[in-house]
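Listed below are the residues making up each chain.
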Amino acid sequence: MTRFLPRTAPPIRAGGLVAATALLLAAAPHTVASAAPTAAAPVVALGGPAETALHPYAEGGDGPKRSTARISVTGADDTAYEGGFTVTFDLTGAAGIADVAFEPEAGIECAATAPGSATCTGHGISPGRSTVTDLLLTAAKGSEQGDTGTIRVTGEAEGTAFTPFTTEVTVGGPDLVMHRLPFDHEPVPGQKQQAPITFTNRGSRAADGVVLTLRHSRGLDIPQRYSNCAYTTDEAWTTARCTVEGAFEAGATYTLAAPLTLKTTDRAYRDIFGYGIHEAGAAGTVRGATAARAARGTTGEVLRAVPAPRPMAARALDLEPGDNEHEADFRTENTADFVAYGDTASGRAGATVTARLGFRNDGPAWIGHLRSGESVAAVDFTVPQGAAVTSAPEECRGVSAEGTALPSGWTGPAPRYVCPTPATVRDDGGLDLSFGLRIDKVLLGAVGRVVVRGPEPRAAGLPFDPEPGNNTARVVLNGESGGPSPAPSDGPGDGASGTPGSATPTTGGAGTGAGGTVAPGAAQNTATGNGGSLAATGSSTAMAASGLAVTALTAGLVLFTAARRRRRA
């Protein structure tokens with residue numbers, strides 16, 4: 001088979017006879033004979049853009065301008081297909097409308113197999129979505145504005161079923177190009193900037209209504225609210241989708257009747273503002289999505305777009321989606337105070353308690369790694385001596401006392417745990433964690449260290465945090481005082497050097513049994529929330545009975561009172 005490349009082979013005219021299946025298989029040596037799929041056969045889905053607009057055919061110059069439609073295949077999430085496969089393109093539905101060339105992914109070969117059809121063959125389909133080929137589409141000679149056709153895509157492989165896909169091609173259309181706004185990208189909290197959204201239709205026909213999409217992260221705000229915009233807000237983003245009615249003529253430039261205001265709030269730090277424009281169409285839909293409708297209960301003026309007062313600089317027509325939207329990044333000088341909290345409790349040997357620990361963000365800024373998606377920080381918990389972790393949050397990983405990886409095959413509890421945060425931490429958020437701790441040996445005032453730090457040990461600092469002194473707290477088991485535990489000093493014996501810290505253990509003597517166990521009958525605490533005391537689990541009846549029996553034989557036992565939960569700041 002001769003590899004079909006757009007630079008060396010002429011485009012395939014979407015006309016002629018439909019090739020018979022037998023002819024296609026004979027012409028493709030890598031094709032695997034198709035077997036009728038069974039109910040148990042894995043299914044892979046073919047996909048791509050539902051519709052692609054083509055530049056009208058033009059003689060001379062550099063030839064027709066191309067549009068691109070990327071054809072993909074989505075494999076099963078957990079299983080890779082190892083064999084060969086064939087993807088077949090039926091181009092007869094676009095005959096006389098579109099000429100098609102192929103730019104396949106590495107390792108895939110595409111070729112014309114008969115007039116009006118082509119195949120791409122490859123080996124192996126990975127889990128998730130991957131590209132088969134880019135269809136390079138140009139309007140055919142003789143086609144006219146508004147002509148529409150279809151390209152049907154099917155696939156086959158032994159033991160695998162393919163979901164077919166059909167994409168539509170249309171000659172002509174609007175080309176909405178968003179103009180980039182000249183923002184101050186290093187604002188200060190409270191600063192307001194005007195955002196006169198402006199766009200041009202560089203296409204070959206008018207746009208039948210538009211949808212303006214505005215998306216900003218938590219540190220920014222647009223104070224105006226409009227009745228023809230639908231608003232949604234999540235942990236990190238606020239999105240407004242505004243439907244603007246009217247005909248937006250080809251070659252014309254439009255701007256908002258009144259500019260928007262983009263405000264940098266007191267919680268800003270690293271933020272993003274995105275703004276895009278798409279045609280709504282007669283049916284009120286953006287390609288692949290429903291146009292915005294007014295949110296229930298939304299009041300305010302109607303957002304309108306009007307012709308720009310003077311012509312804007314022209315730019316070449318390209319019909320690329322990248323022209324429809326822009327994003328602006330902002331860096332604001334601000335701080336966020338991450339405050340660690342720990343817990344306290346008492347219990348006898350063999351009891352299991354729940355330690356609640358973590359940190360809160362006292363602001364004023366929110367912190368988000370929106371571009372990289374990396375964790376903002378990590379909570380580093382060193383387990384108190386004499387205790388073993390019986391349960392840990394799923395996101396936490398056990399490490400050695402020095403913070404290094406555990407030996408291969410390690411299955412037991414770890415002396416230390418590192419728990420990453422998500423990529424965003426709100427100004428009123430944080431990370432709340434719950435660990436189950438079994439008290440194997442009672443040591444008076446055994447101390448575990450809680451540190452909120454950078455996501456990597458080699459970059460442990462938090463550059464945005466103005467109060468590093470409160471980044472550390474303690475988890476105390478069987479302390480002599482029932483009050484809340486302060487942050488430990490940076491000295492030996494408290495875990496400051498990355499090793500489990502504890503107070504000096506007591507073995508025997510007043511207040512303990514043989515081997516340093518807490519006296520039977522010692523009080524068990526009940527946690528009331530974050531930053532408070534540990535909750536002991538087990539049989540309170542059995543504990544009480546054991547306590548009475550030993551009390552009858554032993555005098556001078558010390559009762560450990562339950563630590564009252566530290567009130568969060």
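Conventions adopted
- Residues numbered from 1 in each chain as written.
- Predicted model: local features only at pLDDT ≥ 70, side-chain atom pairs only at ≥ 80, totals over all residues.
- Heavy atoms only, no water.
- Helix = DSSP H or I, 4+ residues; strand = E, 2+ residues; numbered from the N terminus.
- Buried < 20%, exposed > 50% of the residue type's maximum accessible area, 1.4 Å probe, protein only.
- Contact = heavy atoms within 4.5 Å.
- Areas by Shrake-Rupley, 256 points an atom, 1.4 Å probe, with all protein chains shown as cover.
- Pairing = 2+ DSSP bridges.
- Core = buried A, V, L, I, M, F, W, Y, C linked by side-chain atoms within 4.5 Å.
- Axes fitted to C-alpha atoms, helices over the stretch in contact; angles between N-to-C directions.
- Phe/Tyr/Trp six-rings, centres within 6.5 Å; stacked < 30°, edge-to-face > 60°.
- Disulfide = S-S within 2.5 Å.
- Salt bridge = Lys/Arg side-chain N within 4 Å of Asp/Glu carboxyl O.
- Polar contact = N/O pair within 3.5 Å; in protein donor to acceptor, adjacent residues only side chain to side chain.
- pLDDT = per-residue confidence, 0-100.

## Describing the overall build of the chain
Of regular secondary structure, the chain possesses 2 helices and 39 strands. Evaluated residue by residue, the chain yields a buried proportion of 47% over its 569 residues. Considering only contacts within the chain whose residues lie at least 6 apart along the sequence, 81% involve residues at least 24 apart. In the structure as shown, the chain presents an accessible area of about 26400 Å², 52% of it carried by carbon and sulfur atoms.

## Concerning the pairing of strand β15 (residues 198-201)
Of the two faces of β15, both are covered, the one formed by Thr-198 and Thr-200 as well as the one formed by Phe-199 and Asn-201. Across 3 bridges, strand β13 (residues 176-178) lies against β15 in antiparallel orientation. The partner of Val-177 across the bridge, within β15, is Thr-200. Pairing analysis gives 3 bridges linking β15 to strand β20 (residues 253-256), with the strands arranged antiparallel. Among the inter-strand pairings, Phe-199 is bridged to a residue of β20, identified as Tyr-254.

## Concerning the sheet that holds strand β21 (residues 260-264)
In space, the 3 strands of this open sheet follow the order β14-β21-β17, with antiparallel pairing throughout. Sheet topology places β14 (192-195) and β17 (220-221) at the edges, where each strand pairs with a single neighbour. Two strands pair when backbone bridges link them, and β17 and β21 are joined in this way by 2 bridges, in the antiparallel orientation. Within β21, the position partnered with Leu-220 by the bridge is Thr-264.

## Details of the nonpolar core
With 37 residues, the main nonpolar core has Phe-338, Leu-357, Phe-435 and Leu-437 as its most contacted residues. Elements that contribute at least two residues to this core include exactly β27 (336-341), β29 (352-364), β31 (378-382), β32 (387-391), β34 (416-420), β36 (430-439), β37 (446-453) and β38 (472-477). By residue number, the principal contributor to this core is β36, which donates 5 residues. Those residues in contact with Phe-435, other than ones at most four positions away along the chain, are Val-353, Thr-354, Ala-355, Leu-357, Phe-381, Val-389, Ser-391, Ala-392, Pro-393, Cys-396, Tyr-417 and Cys-419. Among the nonpolar cores identified, the runner-up in size contains 32 residues, and Leu-54, Cys-120, Ile-151 and Val-169 belong to it.

## Details of the environment of Thr-52
Mapping Thr-52 onto the fold places it in strand β3 (residues 51-54). According to the relative accessible area criterion, Thr-52 is buried, its value standing at 6%. Expressed as a C-alpha distance, the spacing of Thr-52 and Thr-148, which sit 96 residues apart in the sequence, is 9.9 Å.

## Side note on the sheet that holds β20
Taken in spatial order, the 4 strands of this open sheet run β13-β15-β20-β25, and their pairing is antiparallel. Strands at the two margins of the open sheet, each flanked by one partner only, are β13 and β25 (305-307). The sheet shows a mean angle of 30° between the axes of neighbouring strands, taken without regard to direction.

## Regarding unusual backbone geometry
At the junction of Gly-363 and Pro-364, the peptide bond is cis and its omega measures out at 10° in the coordinates. Along the chain, Pro-364 turns up in strand β29. One non-glycine residue with positive phi stands out, namely Asn-478, at about 55°. Counting through the fold element by element, Asn-478 comes out in the loop between β38 and β39 (535-537).

## Notes on the packing of aromatic side chains
Counted under the stated rule, the structure contains 13 aromatic pairs. Summarising the aromatic geometry, the rings of Phe-183 and Phe-330 are spaced 5.5 Å apart at their centres and angled 65° between planes, so their arrangement reads as edge-to-face. Of this pair, Phe-183 sits in the loop between β13 and β14 while Phe-330 sits in strand β26 (residues 325-331), placing them 147 residues apart in sequence. When its relative accessible area of 2% is taken as the criterion, Phe-330 is described as buried. Relative to Tyr-254, the ring of Phe-199 has its centre 5.7 Å away and its plane inclined at 25°; by these criteria the two rings are stacked.

## Digging into the state of the cysteines
Considering all chains together, one arrives at 3 disulfides under this definition. Cys-229 shares a disulfide with Cys-242; S-S distance 2.0 Å. Disulfide Cys-229-Cys-242: the torsion about the S-S bond is 110°, which places it as right-handed. Of this pair, Cys-229 sits in strand β18 (residues 229-233) while Cys-242 sits in strand β19 (residues 237-248), and the two are 13 residues apart along the sequence.

## Side note on the pattern of salt bridges
A side chain with one charge may pair with a side chain of the opposite charge, provided their charged atoms come close. Following the criterion strictly, the structure yields 12 salt bridges and no others. The partner of Arg-371 in a salt bridge is Asp-329, with the nearest N and O atoms 2.7 Å apart. A residue pair is termed long-range when its members are at least 10 positions apart, and Arg-371 in the loop between β30 (367-368) and β31 and Asp-329 in strand β26 qualify at 42 residues. Across the salt bridge formed by Arg-453 and Asp-380, the nearest N and O atoms sit 3.1 Å from each other.

## Some details on the pairing of β21
Only one face of β21 is buried: it carries Leu-260, Leu-262 and Thr-264, and the other face, with Thr-261 and Lys-263, is open. As defined by bridge partners, β14 adjoins β21 across 4 bridges and the pair is classed as antiparallel. Pairing of Gln-193 across the sheet is with Leu-262, part of β21.

## Looking at the environment of Arg-397
With respect to the secondary-structure elements, Arg-397 resides in strand β33 (residues 397-399). As for Arg-397 and Tyr-417, which are separated by 20 residues in sequence, their C-alpha atoms are 5.5 Å apart. Sequence-distant contacts of Arg-397, defined by excluding residues within four places in its chain, comprise Arg-416, Tyr-417 and Val-418.

## A few points about the environment of Ser-391
When you line up the elements, Ser-391 lands in strand β32. Residue Ser-391 is classed as partly exposed on the basis of its relative accessible area of 39%. Between the C-alpha atom of Ser-391 and that of Ser-434, which follows or precedes it by 43 residues, the distance is 8.2 Å.

## Notes on the side chain of Ser-400
Summarising the element assignment, Ser-400 is placed in the loop between β33 and β34. Side-chain polar atoms of Ser-400 contact the side chain of Thr-404, separated by 2.6 Å. Filtering out sequence-adjacent residues up to four positions away, Ser-400 remains in contact with Leu-406, Pro-415 and Arg-416.

## As for the confidence of the model for the chain
Chain-level statistics for the chain give a pLDDT mean of 78 and a share of 71% at 70 or above. Low pLDDT, under 50, characterises residues 15-39; the stretch is placed with 36 contacts to residues that sit more than four places away or in other chains. Residue range residues 482-569 is modelled with pLDDT below 50. Its contacts to residues more than four positions away, or to other chains, number 177 contacts.

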